[in-house]
Amino acid sequence: MSQEEFYIGWQDEMPLSNKQFIKRILIGIFILIPLFLMYVVLFQKPFNHHHFEFGTLTELTGIYHGDPYPILEVSDEDSTEFILLVGFGKFGAEEIIYDIQNEHGALLGEEVTFRGTLIYGDGVTLLELTDQEESFVSSKDKEVEPFEGLDNSESVSLTGEILDPKCYFGVMKPGEGKIHKSCAIRCISGGIPPVMRVLQDDGESYEYYLLKGKEEENINKEVLPYVAETISVSGISFYQNGWKVLKLDLESIERNK
Amino acid sequence: MSLNYTSVQWNKQKKGYDKILWLGIAFMLICFIGFQFLFHPEITAETIIIRATAITAFLLLHIILSIGPLARLNTKFLPLLYNRRHLGVSMFFIALIHGVFSIIQFHALGDINAVVSVFTSNQHYQEISEFPFQTLGFFALLILFLMAATSHDFWLNNLSPKIWKTLHMGVYVVYGLLVLHVALGALQYEDHLVDWVFLLGGFIAILSLHLVTGIKENRRLQKDRDLLKKDGFYEVCLISDIPESCAKTIFLEGENIAIFKYDGRLSAVNNVCKHQMGPLGEGRIVDGCITCPWHGYQYKPEDGKAPPPFTEKLKTYQLKVLDGKVWVNPDPNEEGTYIEPVKLEDA
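Residues numbered from 1 in each chain as written. Chains lettered and ligands numbered in written order. Predicted model: local features only at pLDDT ≥ 70, side-chain atom pairs only at ≥ 80, totals over all residues. Heavy atoms only, no water.

### Notes on the overall build of chain A
For chain A, the helix and strand inventory stands at five helices and 13 strands. Since a compact globule built from 257 residues should have a radius of gyration of about 18 Å, the 26 Å found for chain A marks it as more spread out than a globular shape. Taken over the C-alpha atoms alone, chain A extends approximately 95 × 40 × 35 Å along its principal axes. Contacts spanning at least 24 positions in sequence make up 67% of the contacts within chain A whose residues lie at least 6 apart. Accessible surface, chain A: about 12,300 Å² in total, of which carbon and sulfur atoms supply 49%. (Helix = DSSP H or I, 4+ residues; strand = E, 2+ residues; numbered from the N terminus. Rg over C-alpha atoms; globule rule 2.2 N^0.38 Å. Contact = heavy atoms within 4.5 Å. Areas by Shrake-Rupley, 256 points an atom, 1.4 Å probe, with all protein chains shown as cover.)

### Topic: a nonpolar patch on the surface
A surface patch of nonpolar side chains, amounting to about 540 Å² of accessible area, comprises L200(B), F203(B), I204(B), L207(B), L211(B) and I215(B). Relative to the helices and strands, I204(B) resides in helix 11 (residues 193–224). (Patch = residues over 30% accessible without salt bridge, like charges linked within 9 Å, V, L, I, M, F, W, Y side chains within 5 Å. Salt bridge = Lys/Arg side-chain N within 4 Å of Asp/Glu carboxyl O.)

### Points about the pattern of salt bridges
Tallying each qualifying case throughout the model produces 24 salt bridges over all chains. Put simply, D111(B) and R186(A) hold a salt bridge, and the shortest N to O gap is 2.9 Å. Of this pair, D111(B) sits in the loop between helix 4 (84–107) and helix 5 (114–120) while R186(A) sits in helix 4 (residues 177–189), which puts the two residues in different chains. Residues E255(B) and K315(B) are paired through a salt bridge, measuring 3.1 Å at the closest nitrogen-oxygen approach. Residue E255(B) is found in strand 4 (residues 255–262), and its partner K315(B) is found in the loop between strand 8 (298–299) and strand 9 (316–322); the two are separated by 60 residues along the sequence. For E255(B), a relative accessible area of 12% translates into the label buried. Salt bridges here are not isolated pairs; linked through shared partners, they connect K181(A), E229(A), R255(A), E127(B) and E130(B). (Buried < 20%, exposed > 50% of the residue type's maximum accessible area, 1.4 Å probe, protein only.)

### Here's the deal with the domain arrangement of chain B
Residues and elements named next belong to chain B. We note that the domain assignment places domain 1 (12–220) and domain 2 (229–343) within chain B. One C-alpha centre belongs to domain 1, the other to domain 2, and the line joining them spans 37 Å. Counting residues at the interface gives twelve residues for domain 1 and 14 residues for domain 2. Of the roughly 1,300 Å² buried where domain 1 meets domain 2, counting both sides, 51% is carbon and sulfur surface. For the pair domain 1 and domain 2, the number of links is one salt bridge. (Domains from an automatic or database assignment. Buried area = accessible area lost by both parts, 1.4 Å probe.)

### What about the domain arrangement of chain A?
All names here are of chain A. In terms of domain boundaries, chain A breaks down into domain 1 (51–140) and domain 2 (154–255). Summarising the inter-unit geometry, the C-alpha centres of domain 1 and domain 2 are found 21 Å apart. Contact residues are listed per partner, giving 24 residues for domain 1 and 26 residues for domain 2. A combined buried area of about 2,100 Å² lies between domain 1 and domain 2, and 65% of that area is made up of carbon and sulfur atoms. Looking only at domain 1, the three residues that lose the most surface to domain 2 are P68, Y69 and K90, adding up to 33% of its buried area. Inspection of the domain 1/domain 2 interface yields one salt bridge. The salt bridge partner of E128 is K166, with a shortest N-O separation of 2.7 Å.

### So, the packing of aromatic side chains
Tallied over the entire structure, the rule returns 21 aromatic pairs over all chains. Each ring, one from F154(B) and one from W155(B), has its centre 5.5 Å from the other, and the planes form 90 degrees; the classification is edge-to-face. Since its relative accessible area comes to 35%, W155(B) is described here as partly exposed. Here a set of aromatic residues connected by ring pairs shows up, and it is made of Y168(A), F169(A), Y206(A) and Y208(A). (Phe/Tyr/Trp six-rings, centres within 6.5 Å; stacked < 30°, edge-to-face > 60°.)

Okay, structure coming up:
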């Protein structure tokens, strides 16, 4: 390099040879980067088609059930949906329902209208009580047949992942696995019902179990160390208010490494 | 060259550098977001922001780490080095968006403080595959903040180049933390082979560049150790080995020395620039001054002083010429000490 070609940053112009060289490097970078990014995106795991109707509030009217978690049974002429209620942010609905009941009286078995944000995917629907206690619109008496008990129960051993249904069914993509683990832990710790996702024999579809303890107590804190990992568990499963429920034997949990 | 504090000493090349830098950043973000909408239209806005800023910042870090060794291996890369600090600060801001969004998305609106949640939600610190990778990113961001906050020459002058340089070598700690952050985080979910190839490929490329540069430098030092010594002077090279207006560098008795040939004379100064410890010996004599290849800081060869009004000073060394060979005494003179240049006509 001759003296004339020596590069000095504070000079107005850089030497021509530097200029041409840097130009070639930049052109190379501007060609390679899109190719690199395209490969990264192409080989990315696909996202599910779950939805969170962020910014849209919907009013739903149905029969309120308190077990296994707050659920609204919404029926029309063709079908009945059992909609799991969750709170705003990373919280469950139980405390909100408690506050609403303190102000408006017991909701159990009544026809209740809630306003909130719909979350849905894979045949499951949740309603976020976005405005917390203000999400309660109205209620009126309705005669509802009581839950018949555990006559559909069976002992099962399952392998799957514990996740928080709020994120998984629409709020976050992805709402599962290692990168979502901390968020799922926060959500379940905040009272959102833990759900166990179990892959079926077809290798594509899933079954979802709301988790409870042996005595049907909440076990949110107890399952936190196992969230977002593949685990094997045993317990008793049964149907309740449209959901499969697993009365989980906490001592049976095994991490699959 | 800094004299008084000013926010940024803009010049034409810095402005051009920043324009291309931000054009490049915008290009990366647009490409990534475009490909996401094309191939994964179901993606949410939050996930796009988190992923686009993550990959852009990580790519920029690879470029930042490559520039140093590339400029040592080929001086044509020097224009990329000149304003590298703006590249680093830009990278920090993009990483900051990633960090803040991730903390809000995954940890806020919960039953404990969001920052506490980063460290306590996942407590499998003893396991590699389940390790809470967010903590690694958090510490990397903290170091990047310290580096970005002290990037201005104001801090360089106040902390001293040595401390400043040590602090800014933290970029290698950041890189290590981020490689682990990606490997133990995103790649535990996105486990396609291509992702591992990219991550390890980038790591190997950075490592190789530094190794090659280090080996080249080490070879030069090895050779210099076998020199003849007489009366405190070492025989360095033939006069003709030093190109006009350039230098021969040598490492003797712990002293890093650059011997410059210019206008029929020879002078020796310390090889380390007072600004950012750049290799002066890879610079040139321009307008009668030694000019650093990194940022153009200048020193007079005969006394190692920056021309007024600047105040930086270098150590100087005694030289002599015998039978066409250059000899240097590595015992340094005080910074700024005038040493009569060796006139080659007399020699």
